[in-house]
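Coordinate inspection notes
What follows is each chain in one-letter form.
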2 protein chains.
Amino acid sequence: MPAAEKTSGSRQRFLDAAVRLFARHSVAGTSLQMIGDELGVTKAAVHHHFRSRQELMAAVVAPLCVQLTATVDAAATLRTAHARAEHALTGFVDTVLTHRQLLPILNGDPGARELLISNPQVGDLTARLTALLAAVEPGPGGRIRADIVLSGLACAAGQNHDLDHTALRRHLLDAGRRTLGLRTPRTSTP
Amino acid sequence: MPAAEKTSGSRQRFLDAAVRLFARHSVAGTSLQMIGDELGVTKAAVHHHFRSRQELMAAVVAPLCVQLTATVDAAATLRTAHARAEHALTGFVDTVLTHRQLLPILNGDPGARELLISNPQVGDLTARLTALLAAVEPGPGGRIRADIVLSGLACAAGQNHDLDHTALRRHLLDAGRRTLGLRTPRTSTP
């Protein structure tokens, strides 16, 4: 295996271990030492990849940010508020399902929120996503419904492990549309 | 001040400090020592009231459990699934608003969830509440919508600090009813 590939492979192992430990002990309760212990390596080996918990957190959420940024950028080009919200909702549900293990942690863990708030890219992305969903009904009611959809869908996806991907995706989209007041698009199954 | 009242007063101070620290550092990231430091007392003084984080957590959620148990018990006596869900939703929203600072922590913090799961009363209460809301539409769709309402409303109430109690209550109830598929009752404002 070439050196670069080996390094990137172990980097991913560190990220996977971090997510497992975050889910078990929360972000604040997880140290770089614990990640080393989980993988049977020294804390120095973890430090080689991530100098701080902040840097580790940024690496954990990077793929999710890439996917959501693409969604928000594409939604913003559409003509009507309903079309923009529909595109943002669908992209958000697909992101939630891709990162099913991670989202409930990011959503509710105050330690994760603290680290994420200090990341301007994440704050900007959340604000843009909320605004796209909230615009279906301007005013505080629309904003509250956008908050409910973003946190509620992320938590529900983390809880309902017995449903397969297709069924869960359909139920999350149905519930999200209903909460926001979006019509079911003609192209999707009712 | 009588001795009993003084003791109960400082017990409440410990609980308030614990909630502030949970919100800042997560449950796993908060030690009994940190609660002592926050109040300028020794760890032994904290131990006098709570022998473990588990005992502290049970005391933190006790008033919330009393309020939700009363709601669920009263809802269960009603005749139709819609009336039971409407009563459970209203009682849940009022509980969320009473414990606005606490609910987002309980909802999303894995450390809090871990401590709560080991409390059979809390598990039973959550299951009964979810079942009452999910029964509006039997099947996985109804259960997912119940999960979205419970976690989404709790998170949204923790986020929208600029709205007054009456407006927030109305928006949360409206969104909850819409997500679950409940009609707005004739007695409440549209």
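That block above? That's the structure.
Residues numbered from 1 in each chain as written. Chains lettered and ligands numbered in written order. Predicted model: local features only at pLDDT ≥ 70, side-chain atom pairs only at ≥ 80, totals over all residues. Heavy atoms only, no water.

What follows is about the side chain of histidine 99 of chain A. Residues and elements named next belong to chain A. Relative to the assigned elements, histidine 99 resides in the loop between helix H5 (81-98) and helix H6 (103-108). Here glutamine 67 takes part through its side chain, which lies 3.3 Å from a polar atom of the side chain of histidine 99. Sequence-distant contacts of histidine 99, that is, excluding residues within four places in its chain, are made with Pro63, Leu64 and Gln67. (Helix = DSSP H or I, 4+ residues; strand = E, 2+ residues; numbered from the N terminus. Polar contact = N/O pair within 3.5 Å; in protein donor to acceptor, adjacent residues only side chain to side chain. Contact = heavy atoms within 4.5 Å.)

With 20 residues, helix H9 (residues 140-159) of chain A should cover 28 Å at 1.5 Å per step; its first-to-last C-alpha distance of 28 Å lies within 8% of that length. Of all the 20 residues making up H9 of chain A, 17 are buried; the element is thus mostly covered by neighbouring parts of the structure. (Expected span 1.5 Å × (residues − 1). Buried < 20%, exposed > 50% of the residue type's maximum accessible area, 1.4 Å probe, protein only.)

Time to look at the environment of histidine 48 of chain B. Inspection of the secondary structure assignment puts histidine 48 of chain B in helix H3 (residues 43-49). Between the C-alpha atoms of histidine 48 of chain B and arginine 11 of chain B, which are 37 residues apart in sequence, the distance is 9.5 Å.

With 39 residues of chain A at the contact, the number on the chain B side is 39 residues. Summed over both partners, the interface of chain A with chain B comes to about 3,000 Å²; 56% of that surface belongs to carbon and sulfur atoms. Residues aspartate 162 of chain A and arginine 143 of chain B are paired through a salt bridge, measuring 3.1 Å at the closest nitrogen-oxygen approach. The tally of links from chain A across to chain B stands at 9 residue pairs in polar contact (both at pLDDT 80 or more). Contributing elements (two or more residues each) for the side of chain A that touches chain B: helix H1 (3-25), H6, helix H7 (110-117), H9 and helix H10 (165-180) of chain A. No other element matches the 13 residues that H9 of chain A contributes to the side of chain A that touches chain B. In terms of residue class, the side of chain A that touches chain B is built from 16 nonpolar, 13 polar and 10 charged. (Buried area = accessible area lost by both parts, 1.4 Å probe. Salt bridge = Lys/Arg side-chain N within 4 Å of Asp/Glu carboxyl O. Nonpolar A, V, L, I, M, F, W, Y, C, P; charged D, E, K, R; others polar.)

Glancing now at helix H4 (residues 53-76) of chain A. All names here are of chain A. When the terminal C-alpha atoms of H4 are compared, their 33 Å separation across 24 residues agrees well with the 34 Å that a helix rising 1.5 Å per residue should span. Where H4 bends most, at alanine 62, the angle is about 45 degrees, and the proline proline 63 comes one to four residues later. Leu56, Met57, Ala59, Val60, Val61, Leu64, Cys65, Leu68, Thr71, Val72 and Ala75 are the residues of H4 that are buried. (Bend = angle between axes of the 7 residues up to and from the residue.)

Right, let's get into the relation of the copies chain A and chain B. It takes a turn of 180 degrees to lay chain A on chain B, together with a shift of 0.0 Å along the axis; the resulting RMSD is 0.0 Å. Taken together, these values place the two copies in the relation of a two-fold axis. Most of the interface of chain A is mirrored in chain B, where 100% of its interface residues are also at the interface. (Least-squares fit on C-alpha atoms with pLDDT ≥ 70 in both.)

Bringing the side chain of arginine 145 of chain B into the picture now. Tracing the backbone through its elements, the reader meets arginine 145 of chain B in helix H9 (residues 140-159). Excluding its chain neighbours within four sequence positions, the residues that come into contact with arginine 145 of chain B are Asp174, Ala175 and Arg178 of chain A together with Glu137, Thr179 and Leu180 of chain B.

Residue and element names in this part refer to chain B. The geometry of helix H5 (residues 81-98) relative to H9 is characterised by a closest axis approach of 10 Å and an angle of 30 degrees between their N-to-C directions. Taken together, H5 and H9 sit at an angle that is classed as roughly parallel. Judged by the sense of rotation from one axis to the other, the crossing of H5 with H9 is right-handed. Judged by residue contacts, Leu89, Phe92, Val93 and Val96 of H5 engage Val149, Leu150, Leu153, Ala154 and Ala157 from H9. Here the residues of the contact of H5 with H9 sort into 9 nonpolar, no polar and no charged. (Axes fitted to C-alpha atoms, helices over the stretch in contact; angles between N-to-C directions. Parallel < 35°, antiparallel > 145°, perpendicular 65-115°, else oblique. Left-handed = near helix turned anticlockwise from the far one by under 90°.)

Before going further, it helps to spend a moment on the packing of H4 of chain A against helix H8 (residues 120-134) of chain A. Residue and element names in this part refer to chain A. Contact geometry for H4 and H8: axes closest at 10 Å, N-to-C directions at 40 degrees. It follows that H4 is oblique to H8 by the angle criterion. Seen from above, H4 lies across H8 with left-handed handedness. Contacts from Cys65, Leu68, Thr69, Val72, Asp73, Ala75 and Ala76 in H4 reach Gln121, Val122, Leu125, Arg128, Leu129 and Leu132 in H8. Counted by class, the contact of H4 with H8 contains 9 nonpolar, 2 polar and 2 charged residues.

Another aspect to go through is the nonpolar core. Of all hydrophobic cores here, the largest spans 120 residues; its most connected members are Leu172 of chain A together with Leu172 of chain B. If we ignore the near neighbours within four places in the chain, the residues touching leucine 172 of chain A are Val93, Leu97, Leu153, Ala156 and Ala157 of chain A together with Ile144 and Ile148 of chain B. (Core = buried A, V, L, I, M, F, W, Y, C linked by side-chain atoms within 4.5 Å.)

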